[in-house]
Amino acid sequence: ALDPDENLIVTGFDNVADVYYTSTSKWSPTGTRIWQHAFTNSAPYRYTMQPKKLAIGEIGQVFLLCSDEENNAMAIAKYNPAGNYLFKVMYTGRTGNDILFARTNDVNNLYITGMINGQKDSTELGDMYMMKADPANGNQKASLKIYDTGRKDEGIALGFDLANDN
């Protein structure tokens, strides 16, 4: 992902001596690393929580979204433009199995959509979800789940009505 200054933000998952890290870094347009931050996840997410999407705020804040399909969990981490780690919030249970799209609006609310595994009964193949997260702390401000028995529903993208963009 590119920030407003056209710096490249990169994230990934790494294993060093059987310790699993989620690493995020910022690179200048000339290829100089500006900052890097890595964190580990505690059990049971130590090996299975992986980065899925990045969303960049209006002034270059970085929102990192990770999901753990095995343990039905999702995490949102935030860095300021200088690379300082601000927070990580975990959502566990039937949330965010597959994060397919994330975006911020002009007031930096974070919007996420994707698919979660069946909510209502075992005949479902997956449910679509949408979530609005508070940019200050990652807490859920609003959410919506759409399900249809026996079908797989996935949220692919989100757009904004610019006249009512809050």
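Everything quoted here is computed from the prediction, not taken from an experiment.

Caption draft 1: Structural view of the sheet that holds strand S5 (residues 62-68). Strands sit in the order S4-S5-S6-S7 across an open sheet of four strands; the sheet is antiparallel. Two strands bound the open sheet, and with one partner strand each, they are strand S4 (50-56) and strand S7 (85-92). Looking at each pair of strands side by side, their axes are set apart by 20 degrees on average, direction ignored. Of the strand pairs in this sheet, S4 and S5 are connected by six bridges, and their pairing is antiparallel. Bridge pairing in S5 places Lys53 opposite Leu65.

Caption draft 2: Inspection of the environment of Thr104 at higher detail. Turning to its location among the elements, Thr104 is positioned in strand S8 (residues 98-104). Counting along the chain gives 43 residues from Thr104 to Gln61, while the straight-line C-alpha distance between them is 9.9 Å. One polar contact links the side chain of Thr104 to the main-chain carbonyl oxygen of Ile56, over a distance of 3.0 Å.

Caption draft 3: Region of interest: the packing of aromatic side chains. This model, assessed by the stated rule, comprises three aromatic pairs. Between Trp35 and Tyr79 the ring centres are 5.4 Å apart and the planes differ by 35 degrees, which places this aromatic pair in the tilted class. Of the two residues, Trp35 sits in strand S3 (residues 33-40) while Tyr79 sits in strand S6 (residues 73-79), which places them 44 residues apart along the sequence. Of the two residues, Trp35 and Tyr79, both sit in the buried class. Considering the side-chain rings of Phe39 and Tyr85, the 5.9 Å spacing of their centres and the 40 degrees angle between planes classify their relative orientation as tilted. Here Phe39 is found in strand S3, whereas its partner Tyr85 is found in strand S7, with 46 residues between them in sequence. Taken together, the ring pairs connect Trp35, Phe39, Tyr79 and Tyr85 into an aromatic cluster.

Caption draft 4: Broad picture of the nonpolar core. Within the largest apolar cluster, 14 residues are counted, with the highest numbers of intra-cluster contacts made by Leu65, Ile76, Leu110, Ile112 and Met131. Of all the secondary structure elements, the ones that give two or more residues to this core are S5, S6, S7, strand S9 (110-116) and strand S10 (127-133). In this structure Met131 touches Met74, Ile76, Tyr91, Leu110, Tyr111, Ile112, Gly138, Gln140, Ala142 and Ser143, once residues within four positions along its chain are discounted. Counting residues in each nonpolar core, the second largest holds 13 residues, with Ile56, Cys66, Ala75 and Tyr79 among its members.

Caption draft 5: Quick peek at the pairing of strand S1 (residues 8-16). Taken together, the nine bridges between S1 and strand S2 (residues 19-27) define a ladder with antiparallel strand orientation. Bridge assignment links Thr11 to a residue of S2, and that residue is Thr24.

Thresholds, definitions, all that
Numbering of residues starts from 1 in every chain and runs along the sequence as written. The model is predicted, so local features are restricted to residues of pLDDT at least 70 and side-chain atom pairs to those at 80 or more, both for listing and for counting; the totals for chains, interfaces and linings are taken over all residues. Each side-chain value is derived from all of the structure's non-hydrogen atoms; neither hydrogens nor water enter the calculation. Strand pairing follows a simple DSSP-based rule, namely that at least 2 bridges must link the two strands. Each helix corresponds to a stretch of at least 4 residues labelled H or I by DSSP, and each strand to a stretch of at least 2 residues labelled E; elements are numbered beginning at the N terminus. Helix axes use the C-alpha atoms of the stretch in contact, all axes being lines fitted to C-alpha atoms, and the angles between their N-to-C directions lie in the range 0 to 180 degrees. N or O atoms closer than or at 3.5 Å make up a polar contact, with two conditions inside protein: a donor-capable atom paired with an acceptor-capable one, and, for residues adjacent in sequence, both atoms drawn from side chains. Side-chain rings of Phe, Tyr and Trp, where Trp is taken by its six-membered ring, are said to pair if the distance between their centres is within 6.5 Å; with planes under 30 degrees apart they count as stacked, over 60 as edge-to-face, and otherwise as tilted. Each residue's exposure class comes from its accessible area (1.4 Å probe, protein chains only) as a fraction of the maximum for that residue type: buried when under 20%, exposed when over 50%, partly exposed otherwise. The term nonpolar core refers to a set of buried residues drawn from Ala, Val, Leu, Ile, Met, Phe, Trp, Tyr and Cys, joined through side-chain atoms within 4.5 Å. Only heavy atoms enter the contact rule, under which two residues are in contact if any of them lie within 4.5 Å.

Shape descriptors only; they carry no functional weight alone.
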